[in-house]
Structure formats: structure tokens, C-alpha cells
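This is what each chain is made of:
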Amino acid sequence: MRLMIPGPVDAEDEILAALAEPTRPHYGKEWLEIYDEVIDGLKQVFQTRGDLFLMPGPGTAGLEAALGSMLRTGEKVLVPRNGFFGHRLGTVAEGYGLEVCRVDAPQGEPLDPEAIREALRHSPDIQALAVVHLETSTGVLNPLAEIAAVAREQEVPLIVDAVSSMGGVPLPVDELGIGVCVTVANKCLACPPGVAPISVSEEAWRQMDARANRAHGWYLDLATWRHYADHWGDWHPYPTTMPTNVVVALQTSLRRILGGGLEAYYERHRSAARRVRSVMGPLGFKPVTPEAHTSPLITALYGPPGMEVEDLRAYLVAEWQIMIAGGLEDLSGKIVRVGHMGKAATSDYVERLLDGVEAYLRLKGYAVPQRKALS
Ligand SMILES: *Cc1c(COP(=O)(O)O)cnc(C)c1O
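The text that follows walks through the structure, step by step, so that each part is easy to find. Keep in mind the model is a prediction, meaning the values are calculated, not measured. (Residues numbered from 1 in each chain as written. Predicted model: local features only at pLDDT ≥ 70, side-chain atom pairs only at ≥ 80, totals over all residues. Heavy atoms only, no water.)

1. Topic: the site of the ligand
Working step 1: Surrounding the ligand, one finds Pro58, Gly59, Thr60, Phe85, Val132, Leu134, Thr136, Asp161, Val163, Ser164, Val184 and Lys187.
Working step 2: Computed on the free molecule, the ligand has an accessible area of 380 Å², of which 83% lies beneath the protein chains in the complex.
Working step 3: Residue classes in the shell around the ligand are distributed as six nonpolar, four polar and two charged. (Near = heavy atom within 4 Å. Areas by Shrake-Rupley, 256 points an atom, 1.4 Å probe, with all protein chains shown as cover. Nonpolar A, V, L, I, M, F, W, Y, C, P; charged D, E, K, R; others polar.)

2. Examining the state of the cysteines
Working step 1: Evaluated as defined, the whole model comprises zero disulfides.
Working step 2: There is no disulfide at cysteine 191, and the cysteine sulfur nearest it, in cysteine 188, is 12 Å away.
Working step 3: Given the relative accessible area of 0%, cysteine 191 is considered buried. (Disulfide = S-S within 2.5 Å. Buried < 20%, exposed > 50% of the residue type's maximum accessible area, 1.4 Å probe, protein only.)

3. Let's talk about the sheet that holds strand E11 (residues 286-287)
Working step 1: If you trace the five strands from one edge of the open sheet to the other, you get E1-E13-E14-E12-E11, paired in mixed fashion. Edge positions in the sheet fall to strand E1 (2-4) and E11, since each of these pairs with one other strand and no more. (Pairing = 2+ DSSP bridges. Helix = DSSP H or I, 4+ residues; strand = E, 2+ residues; numbered from the N terminus.)

4. What about the packing of helix H3 (residues 59-70) against helix H4 (residues 84-95)?
Working step 1: For the pair H3 and H4, the least separation of the axes is 10 Å and the interaxial angle reads 55°. The angle between H3 and H4 places the two elements in the oblique class. By crossing handedness, the relation of H3 to H4 is classed as right-handed. Between H3 and H4, the contacting residues are Thr60, Leu63, Glu64 and Leu67 on the first element and Leu89, Val92 and Ala93 on the second. (Axes fitted to C-alpha atoms, helices over the stretch in contact; angles between N-to-C directions. Parallel < 35°, antiparallel > 145°, perpendicular 65-115°, else oblique. Left-handed = near helix turned anticlockwise from the far one by under 90°. Contact = heavy atoms within 4.5 Å.)

5. Notes on the sheet that holds strand E9 (residues 180-182)
Working step 1: Here we have seven strands laid out as an open sheet, ordered E2-E10-E9-E8-E5-E3-E4, and mixed in their pairing. Because the sheet does not close on itself, it has two edges, and the strands there are strand E2 (51-56) and strand E4 (99-101). The mean angle between the axes of side-by-side strands here comes to 20°, regardless of whether they run parallel or antiparallel.
Working step 2: Here three bridges tie strand E8 (residues 158-161) to E9, and the two strands are oriented parallel to one another. Directly across from isoleucine 159, in E9, lies its bridge partner valine 180.
Working step 3: Strand contacts of H4: strand E3 (76-78), E4, strand E5 (126-132) and E8, with the helix running at about 145° to E5, the strand carrying the most contacts.

6. Comments concerning the pairing of strand E14 (residues 335-339)
Working step 1: Along E14, five of the five residues are buried, which leaves the element largely enclosed by surrounding structure.
Working step 2: Of the two faces of E14, both are covered, the one formed by Ile335, Arg337 and Gly339 as well as the one formed by Val336 and Val338.
Working step 3: Examined bridge by bridge, strand E12 (residues 298-302) and E14 share five bridges and lie antiparallel to one another. Note that in E14 the partner of alanine 300 across the bridge is arginine 337.
Working step 4: Where strand E13 (residues 322-326) meets E14, two bridges bridge the pair, whose relative direction is antiparallel. Bridging across to E14, glycine 326 finds its partner in valine 336.

7. A short note on helix H13 (residues 347-363)
Working step 1: Spanning 17 residues, H13 covers 24 Å between terminal C-alpha atoms, matching the ideal 24 Å at 1.5 Å per step.
Working step 2: Along its buried surface, H13 packs onto E1, helix H11 (262-280), helix H12 (309-320), E13 and E14.
Working step 3: Where H13 terminates, the next one or two residues include glycine 365, which has phi positive at roughly 85°. (Expected span 1.5 Å × (residues − 1).)

Nothing here speaks to function; it is geometry throughout.
And the structure:
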């Protein structure tokens, strides 16, 4: 099976081989060399000189850590929403007893920085702004630079869910002044699941230190992670066991990404997105998101008139061993989402998917225009 869903992604053989090496202990000098290299590599991807932790778990663990560490129960957080993952971020915040303020944009449209500014001005007691960068449910890349400028102007700490975007598009954490930024290994970082990298800025630490009585657990409290980095830094700079196999796989993936250069890696994704859209458009698929706001990592499309998207998905799995994603919640059965991240952002994956889609449409009696060769 080839995964062309918006995570988890297929990993290259070299990364899978690294994953399969005998399990290393998660402490000691030899291990720390690997761990430190991974942290340094991630800091390059995040473009940060701040602190960075690897939290074992899914992206949501990182988001819980961010919200739970930055805020006390009862405090207000602004969570602008334009899709499933924005709603989810709000739900996670509610799980900590936070009062969630909302500014919604229509599904498929970007968040509006002006509306966010108004909401922050209107409620000066909002203690943080939490936004999804790439809304994975529709492929909208929210205007993070503009939103971050509003957060700086209004002096509100910014928490970013960059779970599906980090590594695939430029995201200069320090330049944008992001307080806490969360991602996972298994999307654009092109690794199997297992860890959530999280960056923390100095200002974010100041906000946390001013809330010593948060009472939001221990493992998911970022202050716990800082404590172990500071006090056990020479042998075990984190509170618990690390999934060392995954970290070694991530080391291998980061070497590949950084070895070729981040810009080349971003360009590979842009080029895959252009190809998918330029072929599927003329086949009758319609974008869910306006071109100007769509990400190079996920393409969300309505099917041609009369075509059943779920039938196409089942056919691609059965006949072509390719899995693409469907829609979530109200978009279920209405759209397909093609993930072209990491290994899937290669002409090998993209062309084979396009072959499969064309074959399906021919089978169903649609006219399929001659496809232009890859230039
Ligand atoms: C995938 C994703 C998540 C959830 O990640 P998990 O690892 O499943 O917890 C959160 N936010 C966004 C934007 C995502 O794409």
C-alpha cells in the first residue's frame, strides 16, 4: 500500500531500516549524541534558537502540553476556527477547563487576521491565541505571518498547531515570535509516528512561570521537560523513556531533508501539488480551497459531477494499492484529500496516483484528456 493521506506518511526504506535497528537505551553518552543531533536538526527546521523538546506521543499530546502549560483553568484562550482541526484545538482547550473564545471563518476559507485583532482588542483578558497553521481537513494554509503580527501587536502569546505543516513549508518560529509550536514526526518530517517536537520561546516560559499553580499534570507540563533538560542534561534530558527507535528514524529523516536543503524540500512539495492540481483539474475535480490559500502539502477536491468519491477511494486501494483520504465530518463522502508530503511528494507517487485516477474515470465512462508529460 502507498499512503497518500495527510499523515501518517510512508517512510523511505533507509528510515524504516533505522527504525528496525536494535533498541537503544534512552540515556547515556552515545545516545545523547543522537538525541542532540535530532534536536539541532529540528531547531533548523523550526528556525529557532529557543528550547525544543521531543514529546513521545501524537501531535495532540503536544497541543495538550502547550495549552495546559501556558494557561490556568478558567483563563481565556482565543481559538479561531476554519475546519475540523481548529474545532479540535478548541475542544482540547476545553479539556483543560479553559474558556474558549472563537472567531470562525467558513470552512475552506483562511482565518481572517483582522477578525482576530478585533477579538483580541475586544477581550483584553484573553491570555493566549492558539491557531492551526495548515487546516488539514481542507488544505487551507492559514495566514500565519499576519496572525503572528497581530499576536505581537496585541502582546498575546501565540500557540501554533503546525502538526501538518512544519517541514513542508517555511515556518520561521523565532521571526514570527511564536510562543509554543507543535508538530509530529509522521507528517512532513516523513517518519513513522511516535514523537511530537515542541518549541518553546523565552516569552512563553515567562508566561508559564507566572502560572506556577497550573495543576495540569506532570508529564504534559512543559516545565517538567525544562526541569529535566536543565538538571539531567548530561545523561537523560527528559522526564521519561524515549521511543529511541523512532528518534533514530527521525535522525535519518532529518539528515536527508537538511542534507538536500530545506528550500529544495519545500520545492519538492510545491511541485507535487502543482502536478496533482494541473492534472486533476481538467479531469473535473474542483478545489475545496481557493488557489491563493491552499497549501502545497494537501490537495482537497470535490469529485467530477456524478462521481462517488468513496468509490474512487476504494478502487484506488483495491486496484492500485494507493490510499488517499476522504473528508471529515460534514465533508465525509463529498471530497478527497490527497496528501503529498514526504515520500508521497515524488513524481513516482504522484504519477502513479494520477494513472489510477484516470483509469477509474475511464472505467466509469468519463472522457479523460491526454495528460501532459511531466516537464
Ligand atoms: C494530524 C493533525 C493533528 C492530530 O495529530 P495526532 O498526531 O493524530 O494527534 C492535529 N492538528 C493537525 C492540523 C493535524 O493535521
